[in-house]
Amino acid sequence: MDKNCEFGYRAWLQPGKSLVVPDYTFSGDDGFALKELKRGLAKMNENGHGVIDLSVTSDLVPQSYTITGSLEDVVIKGGCEAGLLYGVYGFVARLHQGHTDFNVVEKPVAAKRILNHWDNITGKIERGYSGNSLFFKDGKVGYNLKRLEDYARLLASVGINEISINNVNVTTESAKLITDYLPDVVKIADVFRPFGIRLIISVHFESPAILGGLETSDPLDAEVASWWKKVAAHVYKAIPDLAGFLVKADSEFRAGPMTLGRTQAEGANVIAAALAPFGATVYWRCFVYNCMQDWRDTATDRPKAAYDYFYPLDGQFDDNVIIQIKHGPSDFQVREPNSPLLGNMDKTRQGIEFQVTQEYTGQQKDLYALAVQWEEIFDHPVTDKANTRELIGNKIEAVVAVANVGDDTNWTGHLLAQANLYAYGRMAWNPNLTAEEVTREWAMLTFGADPAVINPIVDMVLKSRSVYEKYNAPLGIGWMVNINHHYGPSVDGYEYMKWGTYHRADTTAIGVDRTTAGTGYTSQYHPHVQAMYENKETCPEEILLYFHRLPYDYKLKSGQTLIQYIYDTHFEGVEGVEGFIKTWESLKGLLPEEAYTPVKARLQLQLTNAIEWRDVINSYFYRKTGSLDAKGRKIYT
Ligand code: GCW
């Protein structure tokens with residue numbers, strides 16, 4: 001690799017060149033964790049002597065770890081090999097953050113911390129913004145072994161413990177990962193196993209027909225059931241610790257049980273029955289909606305779909321099915337309420353799905369701190385008793401996200417997008433961590449401990465979600481993007497399409513009334529959550545247009561009219577990006593050139609994008625309303 005690119009490649013696992021640690025001797029467990037520990041300490045300076053004792057103990061619960069003692073005498077214990085490994089990474093990370101005394105007890109809140117890759121077997125990545133797949137190349141499994149190991153290390157260092165390797169949009173070719181290509185998947189599993197990471201394979205719902213040559217894939221057909229059993233036995237013989245299968249069915253033109261007159265539960269259960277003997281899980285996605293809506297149809301309301309399909313099936317899913325619910329009812333927009341399915345369905349196991357890849361959030365050209373959004377999502381109430389954070393580790397046992405990596409040297413394209421992957425792992429491990437905490441950790445591990453460098457970076461990253469939101473679609477309305485690639489503004493791009501995503505702006509008002517007087521979406525929530533959204537006064541203002549249709553002269557709490565709010569935020573969004581550029585320029589000379597220059601170039605791209613958003617949105621609403629900006633700023637007419 002080009003020497004100049006090593007910084008980005010190492011991401012948050014930089015050598016601690018300026019750190020001083022004792023010259024350690026090691027005792028206890030001498031397995032993989034010790035190897036990783038030695039590697040983590042390798043470039044640090046030594047002074048004096050010290051000892052580190054490593055052990056796996058059944059006194060701790062699996063995956064957990066403790067670190068105790070002082071710099072000269074450290075004891076790291078894990079509840080299992082993976083727990084010990086997390087302890088080792090945790091210890092090295094704490095050294096980078098200047099810790100010298102250790103009294104650490106760590107246990108992951110969510111047992112399953114999962115990344116989904118949307119990698120196609122062609123080598124391209126659906127919604128990928130940082131190069132090609134790390135797993136596939138030219139229609140086959142294809143990878144660079146060293147790179148996969150380094151990737152596994154990055155993921156394990158933040159506690160990820162399961163990954164699906166192929167896109168949920170499974171093709172007839174990628175369907176063969178459970179048959180013809182299985183020997184190659186075995187090799188990938190071998191790379192990730194020592195790092196405590198188990199693989200998941202996305203499977204095609206119609207595999208019995210496509211791969212098995214059966215006439216149907218009907219889940220109630222006996223031959224279909226026995227086909228799945230046979231294939232599962234074959235797969236688990238090859239990869240006994242495979243975590244399970246992931247399925248996208250009846251979604252966006254993909255067949256599924258409903259196509260065959262069966263329920264989502266019947267579809268999931270036929271696969272679950274085949275996986276059950278191996279203790280494996282079916283991850284069944286809930287992203288099911290009518291993607292052939294007529295825009296004239298105002299009775300159908302897409303956000304209601306997942307709940308309508310799944311809620312009545314509570315109690316019907318087998319024990320080894322986890323339903324995987326997108327965090328919001330739409331689709332990873334900048335601002336959405338939480339899905340009303342979350343925390344509901346008492347008898348059904350649940351996972352929450354996020355996107356680390358920045359599909360609607362700037363595509364790793366624009367800076368966007370997802371951690372800030374996740375913190376808000378965790379804060380939101382979902383049931384009468386709990387917010388999302390409180391459900392994780394209880395009702396919600398899996399935290400899942402779509403990966404943002406590819407084969408670009410620095411993994412994520414935008415160097416600062418590494419913060420999102422880091423934050424995801426850390427917040428899945430512990431959703432009580434704040435965006436500020438995880439961003440600071442990431443910044444210190446990546447850029448070193450100098451506050452003059454770290455503080456401005458942390459500040460800028462934390463502001464980035466709000467800045468992006470300001471120049472994007474206003475107040476939770478979403479979707480005003482180019483319909484194909486989802487980057488950049490196209491206000492009516494989705495407006496007359498079949499996707500069920502309408503803002504319905506006219507000359508007097510904008511938004512869809514989703515209250516009980518409107519589409520009734522709010523009634524899917526628990527009563528006090530419903531009441532909050534139902535009423536304009538109590539609905540959080542930043543999401544007002546998700547729930548309410550409002551006139552442009554509607555007065556917000558600040559006293560601004562809605563139209564003036566739209567203008568103001570769009571001017572402010574551009575100013576925010578200009579501020580990022582200034583901040584970044586102030587760090588010139590303090591950062592490795594390899595970090596400084598490409599990030600600067602991305603910030604310039606972001607500025608162009610923000611200006612485009614500002615001008616398109618402001619013109620659009622000026623033309624609809626004829627209202628001038630009260631502050632007399634330039635709006636293209
Ligand atoms: O929003 C859509 C994305 C698709 C994706 C789909 C999903 C994998 O644009 O690219 O398909 O969501 O989550 O299944």
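Residues numbered from 1 in each chain as written. Predicted model: local features only at pLDDT ≥ 70, side-chain atom pairs only at ≥ 80, totals over all residues. Heavy atoms only, no water.

Caption draft 1: How the structure looks around the overall build of the chain. Per the secondary structure count, the chain includes 18 helices and 17 strands. Taking 637 residues into account, the globule formula puts the C-alpha radius of gyration at 26 Å, and the chain, at 25 Å, falls close to it. Relative to its 637 residues, the chain shows a buried fraction of 60%. For the chain, the accessible area works out to roughly 23,600 Å², and carbon and sulfur atoms hold 51% of it. Placing the 63 positive and 79 negative side-chain charges of the chain at their respective mean positions leaves the two points 3 Å apart. (Helix = DSSP H or I, 4+ residues; strand = E, 2+ residues; numbered from the N terminus. Rg over C-alpha atoms; globule rule 2.2 N^0.38 Å. Buried < 20%, exposed > 50% of the residue type's maximum accessible area, 1.4 Å probe, protein only. Areas by Shrake-Rupley, 256 points an atom, 1.4 Å probe, with all protein chains shown as cover. Lys, Arg positive; Asp, Glu negative; His and termini not counted. Charge placed at Lys NZ, Arg CZ, Asp CG, Glu CD.)

Caption draft 2: How the structure looks around the site of the ligand. Taken together, 15 residues form the shell around the ligand, and within it Glu 126, Lys 248, Lys 326, Asp 331 and Glu 359 come nearest. The separation between an oxygen atom of the ligand and a polar side-chain atom of Arg 127 is 2.9 Å. Here an oxygen atom of the ligand sits 2.6 Å away from a polar atom, N or O, in the side chain of Glu 359. In the complex, 96% of the free accessible area of the ligand, which totals 340 Å², lies under the protein chains. Its residues assigned to classes, the shell around the ligand shows 4 nonpolar, 3 polar and 8 charged. (Near = heavy atom within 4 Å. Polar contact = N/O pair within 3.5 Å; in protein donor to acceptor, adjacent residues only side chain to side chain. Nonpolar A, V, L, I, M, F, W, Y, C, P; charged D, E, K, R; others polar.)

Caption draft 3: Highlighting the pattern of salt bridges. Tallying each qualifying case throughout the model produces 34 salt bridges. The closest approach of N and O atoms between Arg 514 and Asp 301, which form a salt bridge, is 2.9 Å. Taken as a pair, Arg 514 in the loop between strand S16 (509-510) and helix H15 (527-534) and Asp 301 in the loop between strand S12 (281-285) and helix H9 (305-310) lie far apart in primary sequence, 213 residues in all. Neither residue differs from the other here; Arg 514 and Asp 301 are each classed as buried. When the shortest N-O distance is used, the salt bridge between Glu 585 and Lys 600 registers 3.3 Å. With Glu 585 in helix H17 (residues 562-586) and Lys 600 in helix H18 (residues 593-625), this residue pair connects regions lying 15 residues apart in the sequence. (Salt bridge = Lys/Arg side-chain N within 4 Å of Asp/Glu carboxyl O.)

Caption draft 4: Broad picture of the packing of H17 against H18. In contact at an axis separation of 9 Å, H17 and H18 are set at 170° when each is read in the N-to-C sense. With respect to H18, the axis of H17 lies roughly antiparallel. In the contact of H17 with H18, the residues fall into 20 nonpolar, 5 polar and 4 charged. (Axes fitted to C-alpha atoms, helices over the stretch in contact; angles between N-to-C directions. Parallel < 35°, antiparallel > 145°, perpendicular 65-115°, else oblique.)

Caption draft 5: Region of interest: the packing of aromatic side chains. The tally for this structure, following the rule as stated, stands at 40 aromatic pairs. Ring plane angle 55° and centroid distance 6.4 Å describe the contact between Trp 228 and Phe 245, whose orientation is recorded as tilted. Residue Trp 228 is located in helix H7 (residues 222-238), and its partner Phe 245 is located in strand S11 (residues 244-247); the two are separated by 17 residues in the primary sequence. Between Tyr 533 and Phe 547 the ring centres are 4.1 Å apart and the planes differ by 10°, which places this aromatic pair in the stacked class. Here Phe 547 lies in helix H16 (residues 544-547) and Tyr 533 lies in helix H15, a separation of 14 residues in the sequence. For Tyr 533, a relative accessible area of 1% gives the class buried. Here a set of aromatic residues connected by ring pairs shows up, and it is made of Tyr 9, Phe 135, Phe 136, Tyr 151, Phe 192 and Trp 411. Lying over the aromatic face of Tyr 487, Lys 365 brings its terminal NZ or CZ to 4.4 Å of the ring centre. Across from the ring centre of Tyr 636, 4.8 Å away, lies the NZ or CZ of Lys 634, which sits over that ring. (Phe/Tyr/Trp six-rings, centres within 6.5 Å; stacked < 30°, edge-to-face > 60°. Lys NZ or Arg CZ within 6 Å of the ring centre and 35° of its normal.)

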